[in-house]
Structures are given as structure tokens and as C-alpha cells.
Amino acid sequence: MRYYLSNIVLRLFGWKRIGIRPEAAQFVCIAAPHTSWIDFFWGLMGYWALRLRPKFLIKKEFFTFPYRHLLLWLGGIPVNRQQASNMVNYCASILQTADQPMVLVIMPEGTRKYTDKWKMGFYYIVERAKVPLFVGTIDYKKKELGIIREAVITGDMQKDFEAIQDVFRGVHARYPKRYNLTT
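All of these numbers come straight from a predicted model, not from anything done at the bench. (Residues numbered from 1 in each chain as written. Predicted model: local features only at pLDDT ≥ 70, side-chain atom pairs only at ≥ 80, totals over all residues. Heavy atoms only, no water.)

A. Broad picture of the overall build of the chain. When its secondary structure is counted, the chain shows six helices and seven strands. The linear arrangement of helices and strands in the chain, starting from the amino end, is α-β-β-α-β-α-β-α-β-α-β-β-α. A compact globule built from 183 residues would reach a C-alpha radius of gyration of about 16 Å, and the chain, at 16 Å, matches this within 12%. The dimensions of the chain, computed from C-alpha atoms along their principal axes, are 40 × 40 × 30 Å. (Helix = DSSP H or I, 4+ residues; strand = E, 2+ residues; numbered from the N terminus. Rg over C-alpha atoms; globule rule 2.2 N^0.38 Å.)

Following this line, the structure appears as C-alpha cells:
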């Protein structure tokens, strides 16, 4: 049902799916740019159109009535931001113990506001969980969204991060002044 609904919505609003559908059972997908709340909606439509059930981190304060059950159904994982030091282990353990296919979607910007620096937790999660990392994007100018490719993780974090960010060059955010690449 989600597959059909999402494809109809994307077509109706003129969005084009690009990229690939990963075959890995468990993986992390970093998605950018993230400058508006509507990025979540379009991203969700894109994942559903690929027949994927994304999981995403969201601060636990949002898991109150009447949103709790909806957020859980959509794939939300409540996060206590005061325990951020344990977040890498927590996410890696979720991926390693998943009994069904799972994609953990992380927005490396960490916020919809402008930020000088992307967060690197996704890199440590991928290393610790020993799962692949994919790169997803949403381009408002071209009206394209999708999972672009698998990122190569060599262990040289700086080099890998620069290669990952190269994928996002030329991508147009909904609010360009809130979007920043670190390098």
C-alpha cells in the first residue's frame, strides 16, 4: 500500500526517483540537504517508493500524545540527546540485532538550521555495526530524490568524508541559505 501511495504522490507532485535500491539487509543512509520539515515527507515517500521501511532518530520529546504512535509507525526511534555519547553504540546494536531488513536514515547536518559542521556519528555507526553506508539526496531544483550510491569506507575518515560530500555538491536545498557542506 505504501509503495503505491508514495509513487502516486511523487508523480502527482512532479518528483523523479533517481539512483539505486540497495540490496543490503541492514545499512545506514545519510541524507542531505535537510533544511525544512518537508524534507522528511519527501524522503519518506522516496524510501517507501523503493519498498524500504526507513528508521530515523528523533528527539524523545516528540514522542508524546498524539504523535507517539504515528512516529513509531513511520519508523521513529526516540533519542535522549543527553546520552549522545552512547548513541553510536545504541544505533550499531539496533542494526546488528535487527531481525528484518532495516535502513537507518541519518541527516548528518543534525538540524534544519544552518550549521558550520556536519556530525560524523554516522561514520562511527557504520564502522561499529559493520554495515554499508549509502548516500541519499533530495534536490528541489531538479525535483529529484533517491539513494545515489554506496559510499566507500576506507578507514581514512577525512578522505572518506570529502568523497561523501562531493556527492552533495550541486544539490539544491529547499532553503539554500540553511545548507552548508563542511569542506
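B. Molecular detail of unusual backbone geometry. Residue Pro 33 is bonded to the preceding Ala 32 through a cis peptide linkage, with omega at -5°. Note on placement: Pro 33 falls in the loop between strand 2 (26-32) and helix 2 (38-49). At the junction of Phe 65 and Pro 66, the peptide bond is cis and its omega measures out at 5° in the coordinates. The backbone of Arg 51 shows a phi angle near 60°, a positive value even though the residue is not glycine. Relative to the assigned elements, Arg 51 resides in the loop between helix 2 and strand 3 (54-59).

C. Highlighting empty space enclosed by the protein. The final tally for this structure, using the stated rule, is one cavity of 30 Å³ or more. Looking at the largest cavity, its volume works out to about 250 Å³. Surrounding the largest cavity, 21 residues form its lining, Ala 31, Asp 39, Gly 43, Leu 44 and Tyr 47 being those nearest its centre. Residue composition of the lining of the largest cavity, grouped by class: 14 nonpolar, six polar and one charged. (1 Å grid on protein atoms, 1.4 Å probe; cavity = no way out; pocket = protein on both sides within 12 Å on 5 of 7 lines; lining within 4 Å. Points joined across faces, edges and corners; volume = space filled by probe spheres on them. Nonpolar A, V, L, I, M, F, W, Y, C, P; charged D, E, K, R; others polar.)

D. Layout of the sheet that holds strand 3. Reading across the sheet, the seven strands line up as 1-7-6-2-5-3-4 and stay open at both edges, with mixed pairing between neighbours. Whereas interior strands pair on both sides, the edge strands pair on one side only; in this sheet they are strand 1 (16-17) and strand 4 (76-79). Relative to strand 7 (residues 144-151), strand 6 (residues 133-139) runs antiparallel, the two sharing seven bridges. Bridging from a neighbouring strand, Val 135 pairs with Arg 149 of strand 7. Along the sheet, helix 5 (residues 121-129) contacts strand 2, strand 5 (102-106) and strand 6; its crossing angle with strand 2, the most-contacted strand, is approximately 170°. (Pairing = 2+ DSSP bridges. Contact = heavy atoms within 4.5 Å. Axes fitted to C-alpha atoms, helices over the stretch in contact; angles between N-to-C directions.)

E. The layout of surface pockets, seen in detail. Estimated volume of the second largest pocket: approximately 350 Å³. Lining the second largest pocket we find 23 residues, and of these Arg 53, Lys 55, Gln 100, Pro 101 and Met 102 sit closest to its centre. Those elements that place two or more of their residues in the lining of the second largest pocket are strand 3, helix 3 (68-74) and strand 5. Per-element accounting of the lining of the second largest pocket gives the leading share, three residues, to helix 3. Across the lining of the second largest pocket, the residue classes tally to 15 nonpolar, two polar and six charged.

F. Layout of the environment of Gln 96. Following the sequence through the fold, Gln 96 ends up in helix 4 (residues 87-97). Considered as a pair, Gln 96 and Phe 27 are 69 residues apart in the sequence and their alpha carbons are 9.8 Å apart. Once residues lying within four places of it in the same chain are set aside, the contact partners of Gln 96 are Arg 128 and Ala 129. A distance of 3.2 Å separates a polar atom in the side chain of Gln 96 from the backbone oxygen of Arg 128. (Polar contact = N/O pair within 3.5 Å; in protein donor to acceptor, adjacent residues only side chain to side chain.)

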